[in-house]
Amino acid sequence: MTGHTENDIVIAAPLDLVWDMTNDVANWPQLFSEYASVEILSQEGNKTTFRLTMKPDENGTVWSWVSERETDRDARSVRARRVETGPFAYMNIRWQYEKVPEGTRMVWTQDFAMKPDAPVDDAWMTDNINKNSKVQMALIRDRIEQAATQRRREPSLTD
C-alpha cells in the first residue's frame, strides 16, 4: 500500500506574494507552527537542499530530516522529496499554485510509503498528513493574508 494526500486552500493574496512567502524556506519556522528550525545545506539554481527540524512532539521527540526542493515559477509548481527518509520508504511532495478570482489557490500533493518497520502504517500517516495539512494551510493563509493587508496599507514611495 502507498499513501496519497491532496489538500488545497484559497489565499486572498496575489500569487507573487503567496509564491514568495511559501518558497522562502529559510523563513518556514515563522510561517509554519510545527517547525523549530531550517538549515539551508545547499542552493543550486532553483534547487534547495535543507534540514528541517520540527518542534518536539507530544512525547518530546524531535524529528529532523533533509529534503530537496525544486521550484519552477513559470509552471507555478514545486517538487520536493525527502533525502533522509526516516520512517518513510519515500516521500514526494508537489505544491501547485493557481490564480483564482479570490486570490491564489495552493495545492499540496504528497505521495509516500512507510517502511515496514515504521511505527505507523500508510493509512495512519495519510490521516495524520490530511489533518495537519489543513491546520498548517489555514495558518499560512492567515499569515499571508495579514502580510497582503499590511502591504496594501503601506504608502508607496511615490505617494
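Now for a quick tour of the structure. (Residues numbered from 1 in each chain as written. Predicted model: local features only at pLDDT ≥ 70, side-chain atom pairs only at ≥ 80, totals over all residues. Heavy atoms only, no water.)

A look at the pairing of strand β2 (residues 35–44)
The test is simple: When DSSP locates at least two bridges between a pair of strands, those strands are taken to pair. The secondary structure listing takes helices from DSSP runs of H or I that are at least 4 residues long and strands from runs of E that are at least 2 residues long, numbered from the N terminus.
The sheet contact formed by β2 and strand β3 (residues 47–54) spans eight bridges and is antiparallel. Within the sheet, the bridge partner assigned to S42 lies in β3 and is T49. Linking β2 to β3, which pair antiparallel, is a turn of two residues; within it G45 sits at a positive phi near 55 degrees.

Some details on the packing of helix α1 (residues 15–22) against helix α3 (residues 122–153)
Here is the rule: Structural elements are reduced to axes, namely lines fitted to C-alpha atoms, with helices fitted over the stretch in contact, and the angle between N-to-C directions of any two is expressed from 0 to 180 degrees. If an angle is under 35 degrees, it is roughly parallel; if it is over 145, roughly antiparallel; if it lies from 65 to 115, roughly perpendicular; otherwise it is oblique. A crossing counts as left-handed when the near helix is turned anticlockwise from the far one by less than a right angle, and as right-handed when that turn is clockwise. The contact criterion used throughout is that any non-hydrogen atoms of two residues lie within 4.5 Å. Here the nonpolar group is Ala, Val, Leu, Ile, Met, Phe, Trp, Tyr, Cys and Pro; Asp, Glu, Lys and Arg are the charged ones; every other residue, Gly included, is treated as polar.
Across the interface, α1 lies against α3 with an axial gap of 10 Å and an inter-helix angle of 125 degrees. As the angle between them shows, α1 and α3 are arranged oblique. Crossing hand, α1 versus α3: right-handed. Seen from α1, the contacting residues are L17, V18, M21 and T22; seen from α3, they are I140, R143, I144, A147, A148 and R151. Residues of the contact of α1 with α3, tallied by class, amount to seven nonpolar, one polar and two charged.

Here's the deal with the layout of surface pockets
Which entries qualify depends on this criterion: Cavities and pockets are defined on a 1 Å grid built over the protein atoms alone: a cavity is a set of grid points where a 1.4 Å probe fits but cannot escape, while a pocket is an open set with protein on both sides within 12 Å along at least five of seven lines, and lining residues are those with an atom within 4 Å of any such point. Grid points are joined across faces, edges and corners, and a volume is the space filled by probe spheres set on the points.
Volume-wise, the largest pocket comes out at about 1,100 Å³. Together, 35 residues line the largest pocket, and E34, M54, R82, N128 and N132 are the ones closest to its centre. Elements with a contribution of two residues or more to the lining of the largest pocket: β3, β4 (64–72), β5 (77–82), β6 (88–100), β7 (103–114) and α3. With seven residues, α3 is the single largest residue contributor to the lining of the largest pocket. Of the residues contributing to the lining of the largest pocket, the split by class is 21 nonpolar, seven polar and seven charged. Approximately 170 Å³ is the volume attributed to the second largest pocket. Breaking the lining of the second largest pocket down by element, the ones donating at least two residues are β2, β3 and β4. Among the residues making up the lining of the second largest pocket, the classes are represented as three nonpolar, six polar and three charged.

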